Amino acid sequence: MTQRKDCPNSHSSSQSKRQSGNLVSQEEDDDSTFTQPSTLQVQRGLEKLTTAQVDQKTAEVVQYFLVKDQKKIPVRRADLVKHVVKDYRNIYPEIIKRAARVFDQVFGLKLVEIDAKNHMYILINKLEKVDGASPIKSPANPKMGLLFVILGVIFMKGGVVRENLIWNTLKKLRVDSGEKHEEFGDVKKVITDEFVRQRYLEYVRIPHTEPIEHEFRWGQRADMEVSKAKILEFMGELHEQDPQSWTQQYKEAHSVPSSTQPGTSSQR
């Protein structure tokens, strides 16, 4: 039924995809034109600028990150250079280093590059991070509650689930992906677009499926911010079950984490 309804828009949909693809390609081109300055180039660049000029540009970069972080949108190096750093690109490494210091010392935030290939950054709250514990321990609002349900299902099912399982699970909780929700609006868009852009989720097409199917995985931000132990507690409350009864998941959630590799999910 849904596919038949979508047929009249197939042309505009494919056109939109082409435009989206062109936009991504353009953004990649923007970044490919930027070459990371050498230490010598940075030193020479700093010699031509006053301390006040460098501090001002650093402040602009910090402000840009803080604005983007309000919506949890990762910052691309290409966008940062194009819209903020601009003529100061020859001292880009120094500006990023100073911005990271400001986030650390003033805001209690850690600047992390989650995608080394595409050079994407996020801010992580390090004030609540003790002994390797993750900053996000419980859903702070209904939308985070929705995210916790999805992350919980993925975690309980071994790290990857087909999208139908997510939609069916949410339907049992009276959140229908095919209907507009009073709290979340377009549920499917929130999950497959907003949460994906924020890097809480990965939404990946499964090869050789007809009709097309997708699967969900934890995104890079979720790996770094969300506590699996708290996710398990959340699922226990949801199902009125002792978290320890899920032996395998409990063991994984409470195991000592090895060195974090934030970029691994993008290399799949």
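Per chain, residues are indexed from 1 in the order of the written sequence. Only residues with pLDDT of at least 70 get local features here, since the model is predicted, and only at 80 or more are side-chain atom pairs given and counted; chain-wide, interface and lining totals rely on the full set of residues. The basis for the side-chain values is all heavy atoms of the structure; hydrogens and waters are excluded.

K.L.:
Just checking my understanding: could you explain the sheet that holds strand β7 (residues 201-205) for this structure?
P.N.:
Strand pairing within a sheet occurs via backbone hydrogen bonds; the two strands may be parallel or antiparallel. When DSSP finds two or more bridges between a pair of strands, those strands are recorded as paired. Elements are defined by DSSP. Helices are runs of H or I of four residues or more, strands are runs of E of two residues or more, and each kind is numbered from the N terminus. Read from one edge of the open sheet, three strands run β4-β8-β7, paired in antiparallel fashion. The open sheet has two edge strands, β4 (160-162) and β7, and neither has a second partner. Adjacent strand axes in the sheet meet at a mean angle of 25 degrees, parallel and antiparallel pairs treated alike. The pairing of β7 with strand β8 (residues 214-218) spans five bridges and is antiparallel. Bridging from a neighbouring strand, Tyr 203 pairs with Phe 216 of β8. Only heavy atoms enter the contact rule, under which two residues are in contact if any of them lie within 4.5 Å. Helix axes use the C-alpha atoms of the stretch in contact, all axes being lines fitted to C-alpha atoms, and the angles between their N-to-C directions lie in the range 0 to 180 degrees. On the sheet, helix α9 (residues 187-197) packs against β7 and β8 and is oriented at approximately 120 degrees with respect to β7.

K.L.:
Would you explain helix α11 (residues 228-239) in this entry?
P.N.:
Two residues of an α-helix separated by three or four positions point the same way, owing to the 3.6 residues in each turn. For a helix, the expected span equals 1.5 Å multiplied by the residue count minus one. Spanning 12 residues, α11 covers 16 Å between terminal C-alpha atoms, matching the ideal 16 Å at 1.5 Å per step. Throughout, exposure labels follow a simple rule: accessible area from a 1.4 Å probe, protein chains only, divided by the maximum for the residue type, with under 20% read as buried, over 50% as exposed, and the rest as partly exposed. Considered for burial, the residues of α11 that qualify are Ala 229, Ile 231, Leu 232, Phe 234, Met 235 and Gly 236. Looking at the buried residues of α11, the elements they touch are α7 (142-156), β8 and α12 (247-253). The positive-phi residue at the C-terminal boundary of α11 is Glu 240, with phi of around 50 degrees.

K.L.:
When you look at the environment of Phe 155 in this model, what are you seeing that I'm missing?
P.N.:
Take Phe 155: it is sitting in helix α7. Judged by relative accessible area, Phe 155 falls into the buried class, the value being 5%. In this structure the C-alpha to C-alpha distance between Phe 155 and Ala 253, which are 98 residues apart in sequence, comes to 9.4 Å. When residues no more than four places from it in sequence are discounted, the contact partners of Phe 155 are Trp 218, Lys 228, Ile 231, Leu 232, Gln 249, Glu 252 and Ala 253.

K.L.:
For this particular structure, what's the right way to read the packing of α7 against helix α8 (residues 163-172)?
P.N.:
Packed helices, taken two at a time, are described by the angle between their axes plus the distance between the axes. One can describe the packing of α7 onto α8 by two numbers: an axis separation of 10 Å at closest approach and a directional angle of 130 degrees. As judged from the angle between their axes, α7 and α8 are oblique. Seen from above, α7 lies across α8 with right-handed handedness. Taken together, the residues of α8 that come into contact with α7 (itself represented by Leu 146, Val 149, Ile 150, Val 153 and Ile 154) are Leu 165, Ile 166, Thr 169 and Leu 170. Of the residues in the contact of α7 with α8, the class split is eight nonpolar, one polar and no charged. Comment on the angle field: the value is read as roughly parallel under 35 degrees, roughly antiparallel over 145, roughly perpendicular from 65 to 115, and oblique elsewhere. Should the near helix be turned anticlockwise from the far one by less than a right angle, the crossing is left-handed, and should it be turned clockwise, the crossing is right-handed. Amino acids are sorted into nonpolar (Ala, Val, Leu, Ile, Met, Phe, Trp, Tyr, Cys and Pro), charged (Asp, Glu, Lys and Arg) and polar (every other residue, Gly among them).

K.L.:
Please clarify how the side chain of Gln 249 should be interpreted in this entry.
P.N.:
Checked against the element boundaries, Gln 249 lands in helix α12. With relative accessibility at 15%, the residue Gln 249 sits in the buried group. Within the structure, the side chain of Gln 249 is placed 2.9 Å from the backbone oxygen of Met 156, a separation counted as a polar contact. Residues contacting Gln 249, with those up to four places away along its chain left out, are Phe 155, Met 156 and Leu 232. Between N or O atoms, a polar contact is any pair within 3.5 Å; within protein, one atom must be a potential hydrogen donor and the other a potential acceptor, and residues adjacent in sequence are included only when both atoms are from side chains.

K.L.:
Got a minute to help me understand the pattern of salt bridges in this structure?
P.N.:
Side chains carrying opposite charge are able to pair once their charged atoms draw close together. By convention in these notes, a salt bridge is any Lys or Arg side-chain nitrogen within 4 Å of a carboxyl oxygen on Asp or Glu. Counted by the stated rule, this structure contains 15 salt bridges. The residue Asp 55 makes a salt bridge to Arg 98 at a minimum N-O spacing of 3.4 Å. Linking Asp 55 in helix α4 (residues 51-69) with Arg 98 in helix α6 (residues 92-107), this pair joins segments that are 43 residues apart in sequence. Given a relative accessible area of 39%, Asp 55 falls into the partly exposed group. The shortest N-O distance in the salt bridge between Lys 72 and Asp 69 comes to 4.0 Å. For Asp 69, a relative accessible area of 16% translates into the label buried. Beyond isolated ion pairs, a larger network of salt bridges with shared partners links Asp 55, Glu 94, Lys 97 and Arg 98.

K.L.:
Looking at this model, I keep getting lost on the environment of Leu 232. Mind explaining?
P.N.:
Mapped onto the elements of the fold, Leu 232 is located in helix α11. Sequence separation of Leu 232 and Trp 246 is 14 residues, and the distance between their C-alpha atoms is 8.7 Å. Filtering out sequence-adjacent residues up to four positions away, Leu 232 remains in contact with Phe 155, Met 156, Pro 243, Trp 246, Gln 249, Tyr 250 and Ala 253.

K.L.:
Please clarify how the nonpolar core should be interpreted in this entry.
P.N.:
Nine residue types can take part in a nonpolar core, namely buried Ala, Val, Leu, Ile, Met, Phe, Trp, Tyr and Cys, and a core is a set of them joined through side-chain atoms within 4.5 Å. Counting 34 residues, the largest nonpolar core has Leu 146, Ile 166, Leu 170, Ile 191 and Leu 201 as the members making the most contacts within it. Only α7, α8, α9, β8 and α11 provide two or more residues apiece to this core. Considering every element that reaches this core, the biggest residue donor is α7, with 11 residues. What Leu 170 contacts, discounting residues up to four positions off in sequence, is Leu 146, Val 149, Val 175, Val 187 and Ile 191. Counting residues in each nonpolar core, the second largest holds 23 residues, with Phe 34, Val 75, Ile 95 and Ala 99 among its members.

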